[in-house]
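# Fold and contact review
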Amino acid sequence: MAEACALLFAYCETPLHAGTGRALGTVDLPIQRERITGFPIVQASSVKGVLRATTQTNGADAERHRALFGPDRPEEASSHAGCLQVTDLQIVLFPVRSLSGVFAWTTSPTALARLGRLAQLAGIEGPVDPTRFIALQPGQCAVTSSSALRVQAGQQTGVVLEEYSFTLVSELADHVSVLAEWLTAHALPQSPEYSWWRENLAKHLCVLADNDFRDFVLYGTEIEAHVRLKDETKTVDQGALWTTEALPAETLLVGLLAATRSRYDKMNEGAQSLLGWLTGKLDGRRVRLGGDETTGRGAVALRVARV
Amino acid sequence: MKTLFLEPLDVWLFRDGRPFTAGQQFRAASRFPPSPLVMQGALRTHHLIVHSRVPVWDTSAVAATVGGPDDWGPLRLAGPLVARRDETGQLEVLLAPPADATTHGRQLQRLPAPKEPPGWLRMNAPTPLLFPLWETGEEGLEKVSQRMWLRLAALPAYCQGESVFGVRQETLWEDEVRIGIAQDSSRRTTREGLYYEARYVRPAPGVGLLVSFTGLDWPEETGVLALGGERRSARFEELASFVPPPIPDPLPERFVLYFLTPAIFAQGWQPYDWRTVFDGQVELVAAALDRYETIGGFDIARGSERPAQRAVPAGSAYYFVARGTARPRWSSEFPWFTVSDWGREIGFGTVAIGVW
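### Points about the overall build of chain B
Scanning chain B for helices and strands turns up three helices and 21 strands. Computed over C-alpha atoms, the radius of gyration of chain B comes to 22 Å, within 12% of the 21 Å expected from 2.2 N^0.38 for 356 residues, which places it in the range of a compact globule. For chain B, the share of sequence-separated contacts (at least 6 apart) that also reach a separation of at least 24 residues comes to 73%. With an accessible surface of roughly 16800 Å², chain B has 49% of that area assigned to carbon and sulfur atoms.

Here is the structure:
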């Protein structure tokens, strides 16, 4: 084991634009996605930069910070490496508009399998065996028995997300409840203002088949049109119309923090101690990820889960 | 011997050796699979940092634990090899596209077995005349136009000239291009001129690297280690029952050497003397190899670049005929056979042997 590992959850409180800087499709400024699955991510270099800036400090802690992240000054970069490994943030829960219950936190067996793998590396049991949901077919979903997403239409009960209806696989309801409990305990911030989210996660959680989930994360993101006005006429400047993609608020992302002991000769400290210090600085904290932060984008609440 | 299967937690970056400086040359590309040097560095570093209590800034203590910059220490390594899990969870090792292969759809087939050239043929090559691997007159025969990897389990059938299923390279991994900037954290703005682009490798789900080694006391069965550029993460898992492909001993009369990893030879594409590789009388009769690849890297102990060396690429095939009894010359108890003038201890020139 890399001596000490922890799960880093990021809960989006406002839309998050972690951009790619280039576009081939119809959106001018798309978000970062994995090449193979098309799932949204936030690249590790962005995450690490934000963590580094967020935890910057003075005094004795400055040495600890340097041991974790490496030297600040580029000319000292080759003196030693930081002892922290940060992975890309991957999607866990993606909010989708729902006919009942306002919105659903959707996920899929693939997203859960990845979460489970990271949790196992961090030494945390759970959340739920993703093979339980493998039987889900496109057009089917699993929710808890007390879900707010259920819609009654005649004799049938189902879930309607955006304009698509899904039939329930009711025998999976208990597994969804277990998953919701795990996410409430480990993934959501534990501060008082998150009590509504912790209480309602189970009622809004919805597990979809992988293909359906992929379609939502590909086509259900927020697309904002922007224009630039001419000061004199207050009309749109020629050619100054562009679109920006963002992960919607209420998205939940996860990554892994892995640490080894210090390589910095002025800080001879072990991985558990260094990661513990970092956890104390990050857990429950609000930071800004991605671009457009001065227009409110990218406010996320962090949660660090570790044994 | 311990064998690990390594899977990425997101992407990997194994630099191709071209200079890269944000602001000047702004594109960094990754190669895949990485050279054995990368794996040697990652394993010894993990062992040093996680398994030992040696202060990493104490050079002599580090050298006593994992070896110095000029030696490989106790580590003996084979790989890294590309491997993937099939639908049943079984692991299959893949051989880089063989240089002597032809394709028919998804099928791979070896070029016709080399035949002795006619006596009247004379060449001005500075080497003994080899048998041609190319036979004219057969229609529809051409070398591979797409990168097709060969399942190592199918190598015996392939060596016999049978048609076997190949694995298209694009199903194994994809390039993932990312844009990077450097930020001035005091102003929260992009720093002038520090824009770069890096091409990472995104292995498909279930695809990873396999590596076998001895010489390191490695207690964990699973865990995370840093691998390649940017200290990207690899999840490793021990394969308790993995057995390397058997090396025939003695060697059959006609055998072929397939390189699973690059090899570095004194005479470019072959060693100074094949007798350093085999006991007995063995004659090289044909060879198929692609363009050389360059092996370099960074020597962290010295804080400088390693000299770049040209290597015979993985997938190269060397055809031999044994006169009488011949045996592979083993250099250690390690069950993998490696053939390389430089770096064979750490996995350069890891080979599989087939019969043709």
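### Brief notes about the side chain of B:D100
All names here are of chain B. Within the secondary structure, D100 sits in the loop between β4 (91-95) and β5 (101-104). Buried and without a salt bridge, D100 has R110 as its closest oppositely charged side chain, separated by 5.0 Å. Here the side chain of D100 touches Y158 through a polar contact of 2.7 Å, side chain to side chain. Of note is the side chain of D100, whose polar atom sits 2.6 Å from the side chain of Y258. Contacts of D100, omitting those with residues within four sequence positions, involve Q109, R110, L111, L133, Y158, Y258, A288, A317 and Y319.

### Remarks on the pairing of strand β11 (residues 222-229) of chain A
For a regular strand, the rule is simple: side chains alternate between the two faces of the sheet. Residue and element names in this part refer to chain A. Taken together, the seven bridges between β11 and strand β12 (residues 236-246) define a ladder with antiparallel strand orientation. Residue H226 lies in a different strand from β12, and its bridge partner there is W242. Counting the residues that bridge the hairpin from β11 to β12 gives six residues, and of these K234 lies at a positive phi of roughly 60 degrees.

### Some words on empty space enclosed by the protein
Rolled over the atoms, a probe with the dimensions of a water molecule shows which regions are left empty. Residue and element names in this part refer to chain A. Counted by the stated rule, this structure contains one cavity of 30 Å³ or more. Roughly 40 Å³ of volume is contained in the largest cavity. Here the lining of the largest cavity takes three residues from helix α1 (residues 44-54), the largest share from any one element. The class makeup of the residues in the lining of the largest cavity is nine nonpolar, no polar and no charged.

### Some words on the interface of chain B and chain A
Taken together, the contact between chain B and chain A spans 40 residues of the former and 38 residues of the latter. The junction of chain B with chain A conceals about 3200 Å² of combined surface from both sides, 49% of it contributed by carbon and sulfur atoms. Ranking the residues of chain B by area buried against chain A places B:L9, B:W57 and B:R231 at the top, with a combined share of 22%. The interface formed by chain B and chain A includes six salt bridges. Between A:D88 and B:R178 there is a salt bridge; the shortest N-O distance is 2.6 Å. Taken together, the connections running from chain B to chain A amount to 15 residue pairs in polar contact (both at pLDDT 80 or more). Elements with a minimum of two residues in the side of chain B that touches chain A: β1 (2-8), α1 (36-51), β9 (173-184), β10 (189-203), β12 (222-227) and β13 (232-238) of chain B. The class makeup of the residues in the side of chain B that touches chain A is 19 nonpolar, six polar and 15 charged.

### A word on helix α5 (residues 195-204) of chain A
Residues and elements named next belong to chain A. Three or more residues of α5 are buried, namely N200, L201 and H204. One side of α5 holds all its buried residues, which, seen down the axis, span an arc of 135 degrees. Buried-residue contacts for α5 involve β4 (89-97), β5 (103-107), α4 (173-186) and β10 (205-208).

### Some remarks on the sheet that holds strand β11 (residues 207-214) of chain B
Two strands in a sheet stick together by hydrogen bonds in their backbones, pointing the same way (parallel) or opposite ways (antiparallel). Residues and elements named next belong to chain B. Strand order in the open sheet formed by 10 strands is β5-β6-β8-β7-β4-β3-β11-β1-β13-β12, with antiparallel pairing between adjacent strands. Each of the sheet's edge strands pairs with one partner strand only, and the pair in question is β5 and β12. Within the sheet, the average angular offset between the axes of one strand and its neighbour, ignoring direction, is 45 degrees. Sheet topology note: the β5/strand β6 (residues 107-110) ladder contains four bridges and is antiparallel. The residue of β6 that forms the bridge with T102 is Q109. Where α1 meets the sheet, it contacts β1, β3 (76-85), β11, β12 and β13, and its direction lies at approximately 120 degrees from that of β12.

### A short note on the confidence of the model for chain A
On average, residues of chain A carry a pLDDT of 91, and 99% of them reach 70 or more. No element of chain A has a lower mean pLDDT than β12(A), at 88, and none a higher one than β4(A), at 97.

### Here we look at the pairing of β12(B)
Residue and element names in this part refer to chain B. In terms of strand pairing, β12 meets β13 through six bridges, oriented antiparallel. Bridge pairing in β13 places G223 opposite F236. Taking the residues that link successive antiparallel strands as the turn, the β12-β13 hairpin has four residues, and the phi of G228 there is positive, at about 80 degrees.

### A few points about the environment of B:P307
All names here are of chain B. Within the secondary structure, P307 sits in the loop between β18 (304-305) and β19 (309-311). With relative accessibility at 65%, the residue P307 sits in the exposed group. Through-space distance from the C-alpha of P307 to that of P118 is 42 Å; in sequence the pair is 189 residues apart. Beyond its immediate chain neighbours, meaning those up to four positions away, P307 contacts I295 and G296.

### A word on unusual backbone geometry
Following B:G79, the chain continues to B:P80 via a peptide bond in cis, the omega torsion being 5 degrees. Cis geometry marks the peptide bond from B:D249 to B:P250; its omega dihedral reads 5 degrees. By secondary structure assignment, the location of B:P250 is in the loop between β13 and β14 (254-259). The backbone phi angle of A:V102 is positive, close to 70 degrees, even though this residue is not glycine. Relative to the helices and strands, A:V102 is located in the loop between β4 and β5. Even without glycine at this site, A:E162 takes up a positive phi of about 50 degrees. The class for A:E162 is partly exposed, based on a relative accessible area of 26%.

### Overview of the packing of aromatic side chains
All names here are of chain B. If you walk through the whole model with that rule in mind, you get 31 aromatic pairs over all chains. Ring geometry for W218 versus F236: centroids 5.5 Å apart, planes at 70 degrees, classification edge-to-face. Of this pair, W218 sits in the loop between β11 and β12 while F236 sits in strand β13; the two residues are 18 residues apart in sequence, bridging distant segments of the chain. Grouping residues by exposure puts W218 and F236 together as buried. Through a chain of ring-to-ring contacts, three or more aromatic side chains come together here, namely F255, F259, F265, W269, W274, F278, Y318 and F320. Stacked on the ring of W356, the Lys or Arg R254 has its end atom at 4.6 Å from the ring centre. The ring of Y292 carries R291 above its face, with NZ or CZ at 5.0 Å from the centroid.

### A short note on the state of the cysteines
Residues and elements named next belong to chain A. This structure, assessed with the given rule, holds zero disulfides over all chains. Not part of a disulfide, C5 finds its nearest cysteine sulfur in C83, a span of 12 Å. Residue classification places C5 among the buried residues on the basis of a relative accessible area of 8%.

### What to know about the nonpolar core
Residue and element names in this part refer to chain A. Counting 53 residues, the largest nonpolar core has L51, L161, L253, L257 and L278 as the members making the most contacts within it. Considering each element in turn, this core owes the most residues, six residues, to helix α7 (residues 271-282). Discounting chain neighbours no more than four positions away, the residues touching L161 are V96, R97, S98, A104, T106, F166, C206, L208 and F216. One finds L112, A119, L172 and A258 within the second-largest nonpolar core, a separate group that totals 41 residues.

The rules behind the values
Residues numbered from 1 in each chain as written. Chains lettered and ligands numbered in written order. Predicted model: local features only at pLDDT ≥ 70, side-chain atom pairs only at ≥ 80, totals over all residues. Heavy atoms only, no water. Helix = DSSP H or I, 4+ residues; strand = E, 2+ residues; numbered from the N terminus. Rg over C-alpha atoms; globule rule 2.2 N^0.38 Å. Contact = heavy atoms within 4.5 Å. Areas by Shrake-Rupley, 256 points an atom, 1.4 Å probe, with all protein chains shown as cover. Buried < 20%, exposed > 50% of the residue type's maximum accessible area, 1.4 Å probe, protein only. Lys, Arg positive; Asp, Glu negative; His and termini not counted. Salt bridge = Lys/Arg side-chain N within 4 Å of Asp/Glu carboxyl O. Polar contact = N/O pair within 3.5 Å; in protein donor to acceptor, adjacent residues only side chain to side chain. Pairing = 2+ DSSP bridges. 1 Å grid on protein atoms, 1.4 Å probe; cavity = no way out; pocket = protein on both sides within 12 Å on 5 of 7 lines; lining within 4 Å. Points joined across faces, edges and corners; volume = space filled by probe spheres on them. Nonpolar A, V, L, I, M, F, W, Y, C, P; charged D, E, K, R; others polar. Buried area = accessible area lost by both parts, 1.4 Å probe. Arc of directions from axis to C-beta. Axes fitted to C-alpha atoms, helices over the stretch in contact; angles between N-to-C directions. pLDDT = per-residue confidence, 0-100. Phe/Tyr/Trp six-rings, centres within 6.5 Å; stacked < 30°, edge-to-face > 60°. Lys NZ or Arg CZ within 6 Å of the ring centre and 35° of its normal. Disulfide = S-S within 2.5 Å. Core = buried A, V, L, I, M, F, W, Y, C linked by side-chain atoms within 4.5 Å.

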